[in-house]
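# Results of the structural survey
Below are the chains, spelled out letter by letter.
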Amino acid sequence: MDGRIQLRIPFPNCCTEFLHSHLEGKADSSRGSHKRKEKWKRAHLQFCVFLLIFLGFGLVSGKKWDGVVVTQADYQALNALKHEFVDFRGVLSSWNDSGAGACSGWAGIKCVNGQVIAIQLPWKGLGGRISEKIGQLQALRRLSLHDNVLVGPVPTSLGFLPHLRGVYLFNNRLAGSIPPSIGNCLLLQTLDLSNNQLTGIIPPTLANSTRLYRLNLSFNGISGSIPMSLSQAPSLTFLALQHNNISGSIPASLSNLTMLEELNLSHNQIAGSIPDELGRLSRLNSLDLSNNAISGGFPESLSKLSSLVTLSLRNNNLESQIPESIEKLGNLSVLDLSNNKFKGQIPDSIGNITSITSLHLSENNLTGEIPISLVKLQNLSSFDVSYNNLSGIVPSVLARKFNSSSFVGNVQLCGYSSSTPCPSPEPETRPSPSQGPPKHHLRRELSTKDIILIAAGALLVVLLILCCVLICCLIRKKAASKAKTSKNGGGLVTSRSAKPAAAVGERTNQERK
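The rules behind these values
- Residues numbered from 1 in each chain as written.
- Predicted model: local features only at pLDDT ≥ 70, side-chain atom pairs only at ≥ 80, totals over all residues.
- Heavy atoms only, no water.
- Helix = DSSP H or I, 4+ residues; strand = E, 2+ residues; numbered from the N terminus.
- Contact = heavy atoms within 4.5 Å.
- Phe/Tyr/Trp six-rings, centres within 6.5 Å; stacked < 30°, edge-to-face > 60°.
- Lys NZ or Arg CZ within 6 Å of the ring centre and 35° of its normal.
- Core = buried A, V, L, I, M, F, W, Y, C linked by side-chain atoms within 4.5 Å.
- Buried < 20%, exposed > 50% of the residue type's maximum accessible area, 1.4 Å probe, protein only.
- Expected span 1.5 Å × (residues − 1).
- Polar contact = N/O pair within 3.5 Å; in protein donor to acceptor, adjacent residues only side chain to side chain.
- Disulfide = S-S within 2.5 Å.
- UniProt positions renumbered as here; feature names shortened; annotations may be inferred.
- Salt bridge = Lys/Arg side-chain N within 4 Å of Asp/Glu carboxyl O.

### A few points about the environment of S349
With respect to the helices, strands and loops of the structure, S349 is situated in the loop between β18 (343–345) and β19 (358–360). Apart from residues no more than four positions distant in its own chain, S349 is found in contact with E324, I326 and E327.

### Looking at the packing of aromatic side chains
The tally for this structure, following the rule as stated, stands at 5 aromatic pairs. Taken together, the ring pairs in this structure connect F383, F402, F407 and Y416 into an aromatic cluster. Sitting over the ring of F238, R214 keeps its end group 3.9 Å from the ring centre.

### Observations regarding the nonpolar core
Counting 100 residues, the largest nonpolar core has L78, I119 and F407 as the members making the most contacts within it. When residues of this core are traced back to their parent elements, those giving at least two are α3 (72–84), α4 (102–105), β2 (109–112), β3 (115–120) and α5 (396–401). Top element by residues in this core is α3. It accounts for 4 residues. Filtering out sequence-adjacent residues up to four positions away, I119 remains in contact with L78, L81, G108, I109, L137, L140, R142, L143, S144 and L145.

### Digging into α3
Relative to the 18 Å expected for 13 residues at 1.5 Å per residue, α3 spans 19 Å between its end C-alpha atoms, a close match to the ideal helical length. D74, Y75, A77, L78, A80 and L81 are the residues of α3 that are buried. At its buried positions, α3 is contacted by β1 (85–87), α4, β2 and β3.

### Points about the side chain of N388
Along the chain, the position of N388 falls in the loop between β21 (382–384) and β22 (389–393). With relative accessibility at 3%, the residue N388 sits in the buried group. A polar atom in the side chain of N388 sits 3.1 Å from the backbone oxygen of L361. Polar side-chain contacts of N388 include one of 3.1 Å to the backbone oxygen of V385.

### Points about the state of the cysteines
On inspection of all chains with the given rule, the structure shows 2 disulfides. With a sulfur-sulfur separation of 2.2 Å, C103 is cross-linked through a disulfide to C111. Between C103 and C111 the disulfide shows an S-S torsion of about -85°. By sign, it is left-handed. C111 shares its class with C103; the two are buried. In this model, C414 is linked to C422 through a disulfide, with the two sulfur atoms separated by 1.9 Å. Classification of the bridge connecting C414 and C422 rests on its S-S torsion, roughly 105°, and on that basis the disulfide is right-handed. A residue is classified by how much of its surface remains accessible, and C422, at 25% relative accessible area, is partly exposed. In the chain, numbering the disulfide-bonded cysteines from first to last in sequence yields the connectivity 1-2, 3-4.

### Some thoughts on the UniProt feature "transmembrane region" (unreviewed entry) in the chain
The sites that carry the UniProt feature "transmembrane region" (unreviewed entry) are, in the present numbering, residues 43–62 and 451–475. Taken as a whole, residues 451–475 contains 100% helix and 0% strand, while its terminal C-alpha atoms sit 36 Å from one another.

### Here's the deal with the pattern of salt bridges
A full pass over the atoms with the stated rule returns 1 salt bridge. R314 is the partner of D336 in a salt bridge, and the nearest nitrogen-oxygen pair spans 3.4 Å. You can see D336 sitting in strand β17 (residues 334–336) and its partner R314 sitting in the loop between β15 (310–312) and β16 (317–318), a full 22 residues away along the chain. Residue D336 is classed as buried on the basis of its relative accessible area of 11%. The class for R314 is partly exposed, based on a relative accessible area of 31%.

If you want it as structure tokens, here you go:
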């Protein structure tokens, strides 16, 4: 009647009950012919033996079988699939009979009432293509061929499968565009075509699958904009479109996806600003808009996402200040705002988000000091504020916990390594009680230049003193030398001049005589 033989009687009494019931129906039309009756008995006895063989095979192989032989249409579809596949490892060697054992012994095949409801052959090294004949498997609910080396397009005939619920074709080499016909699968819940070589646009018709809760088209070459119609998929909880060539802006209508828990649009060419409406996604726990061309500021509305665990906006053109209201993200674990144009100070309120494990604010235009409140983040294991315009002293707890690469690129920041010491503060003098309250004087911290100048001046003074001492010593030595010379020279002159004087005296005396 429908191309299949139904055997609904449980083992082991199946042969007896089947023969009894079947012969009873035939007996009405052949009650007068004993010979014909014996012929039917032999035929059905042979069939029972055949049935026992198949049931025994099912028990030995450990595969559950409902006792119904696969339909002719499904058998033809499976044969077409086998013909298109390239079985490098021989995993389809069991697909080798007339189809009677397709539901009980064929690898990766699961049936109900003789119809194939699941094809599950992941990680089997299968190559080749997926045959369009797969559209004949009208009862198919799950197609799992991920992590193989399949090529060619995604079959358009998948759109002819009214009961299809899950399509898992990720990690293959499929090419071409996503068939719009998949939108005809109204019961579709999961569509994962990630990590292939797909191009073209995201079909707007996917929104017709109103039960779709997981859509992953990441790591392909998909272009165009995000269809506005996707906001009409009320069950969508996971939307991953990262690592494509998607352009345009983020549709504000995505805020209608009130069940959405994860949104990843990173590594695309998305421009425009972040819609304030995204703050309505109260169930969102992961938002990744990194590596795009998004501009504007950090919407205050994002602080309403109290379920958010991961927020990455890195490598965009975002500016303005980081709002103090960010502390409302009480479940946040990862905050990455690096490589933007954020300015102003790091909000002190970030220190109140005690669940943070990773905080990256590098390559912005942030100013001021690193808030001491960040010391309270005991779970912080990854921290980077490098290449900003920060100044002041790095809190000692952070300086000890993270290496200098987390702080470099801030000229006025000190205390995070031995090569960036901070100047010592002047000691405080405590006034005596009689002096009354201390007077407040304006103090200026000495810079490195001031210290060098003072040291140079002191050295110069020391050198001058040494020069004076040396000169004095030389003068005294010279004076002593002259005095000694004068003493020796004077005695010699006196002895010489005494002789002429005596001679003159003797002549004078002689004349007088």
